[in-house]
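In case you want the letters, here they are:
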Amino acid sequence: MNHELKIVPTDDGSNTIYNSGVGENYHSRHGALQESRHVFVNSGLSYFLDINQVKDVSILEVGFGSGLNFLLSACFCEERKILLNYTGIEAYPLTAEMISQTGYEKYISSVLWQAFISNYLASLLRPVEINTNCQLQVANCKLLDFQSAKQFDVIYFDAFAAAHQPEMWNEGSIGHTLKFLKPGGVFVTYAITGNLKRLLKGMGLQIQKIPGAAGKREMLRAVR
C-alpha cells in the first residue's frame, strides 16, 4: 500500500498524507494540525475533561492513521498531568518510516516523539507505555472486527470521508463503535450529515452541532 502514499502540505503549514488508492487525505488540506486540534483535542478531549474534572481519560480512535491525533492528545494530557489510555483502530497501519516523514515532531516534545516512534511497531501488537503518563495500543484490524472489554470516555471518529468509505459511516459501523462509549462519554467527528445525526439520535445520544475546523462550517459532537 505504501506506493500509494505521499506526504503533501496543508494550508496551515503542517503536512498530511495523500492515499491515491482511496483518493483521500488523512487530514484536511485546509490544515492538518488545526483540524486535529480543533475537532479532536479541543472539541472532544478538552470538552470531556472540562465537564468531568477527572485525572485519567481513555480515548478510542477509529482511524489511527498518522498518529497526529494521538500525539496532540498525549501532549495535552502530559501538560495537564492527566493519565491517558489511548486505543487506535487501524486496518492498514502506516510504517514508522512514513510517519517519521510527516514532520509532526515539531508540534510536541522531542521526548514524546522519540517514545512514540520507538514504540509504534510494538503498539500494533500489545499495549505499550509511551511514558509514565500514557499507554498506547493500535488494534491492527477492521472496525467491525475490533473487540474490547473496555469502554471509553471519548471516541475520535476519524475514518475517511463517506464519499470514499461509505461502509464506515453506516448503521452497523456506527453502532459497533458506540458499544465502546461509556455513559457520559463524548463522540466527535469532523463530519456532519443528516444521516449521521439520525443514526446517533436513534442510538440515544445527544447531538451538538458546533463550529467546524477550517474549510467546514460545522462538525458533530454527541454525548451519551
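Everything below is about the structure printed above this text.
## So, unusual backbone geometry
Okay, so step 1: Phi is positive for Gln53, which is not a glycine, with a value near 50°.
Okay, so step 2: Among the secondary structure elements, Gln53 is positioned in the loop between helix H1 (32-52) and strand E4 (56-62).
Okay, so step 3: Residue Gln53 is classed as exposed on the basis of its relative accessible area, which comes to 63%.
Okay, so step 4: Positive phi, close to 55°, is recorded for Lys81, a residue that is not glycine.
Okay, so step 5: Looking at where Lys81 falls in the secondary structure, it is placed in the loop between helix H2 (68-79) and strand E5 (83-89).
Okay, so step 6: Given a relative accessible area of 64%, Lys81 falls into the exposed group.

## With respect to the sheet that holds E4
Okay, so step 1: If you trace the eight strands from one edge of the open sheet to the other, you get E6-E7-E5-E4-E8-E9-E11-E10, paired in mixed fashion. Each edge of the sheet is formed by a strand with only one pairing partner; in this case those strands are strand E6 (128-131) and strand E10 (206-211). The average angle at which neighbouring strand axes cross in this sheet is 20°, direction not considered.
Okay, so step 2: Here E10 runs beside strand E11 (residues 218-223); their pairing, made up of six bridges, is antiparallel. By the bridge assignment, Ile207 is partnered in E11 with Ala222.
Okay, so step 3: Where H1 meets the sheet, its contacts fall on E4, strand E8 (152-157), strand E9 (181-189), E10 and E11, and the angle it forms with E9 comes to roughly 160°.
Okay, so step 4: Packing against the sheet, helix H4 (residues 110-123) makes contact with E6 and strand E7 (134-139), and its axis sits at approximately 175° to E6.

Cut-offs and rules
Residues numbered from 1 in each chain as written. Predicted model: local features only at pLDDT ≥ 70, side-chain atom pairs only at ≥ 80, totals over all residues. Heavy atoms only, no water. Helix = DSSP H or I, 4+ residues; strand = E, 2+ residues; numbered from the N terminus. Buried < 20%, exposed > 50% of the residue type's maximum accessible area, 1.4 Å probe, protein only. Pairing = 2+ DSSP bridges. Axes fitted to C-alpha atoms, helices over the stretch in contact; angles between N-to-C directions. Contact = heavy atoms within 4.5 Å.

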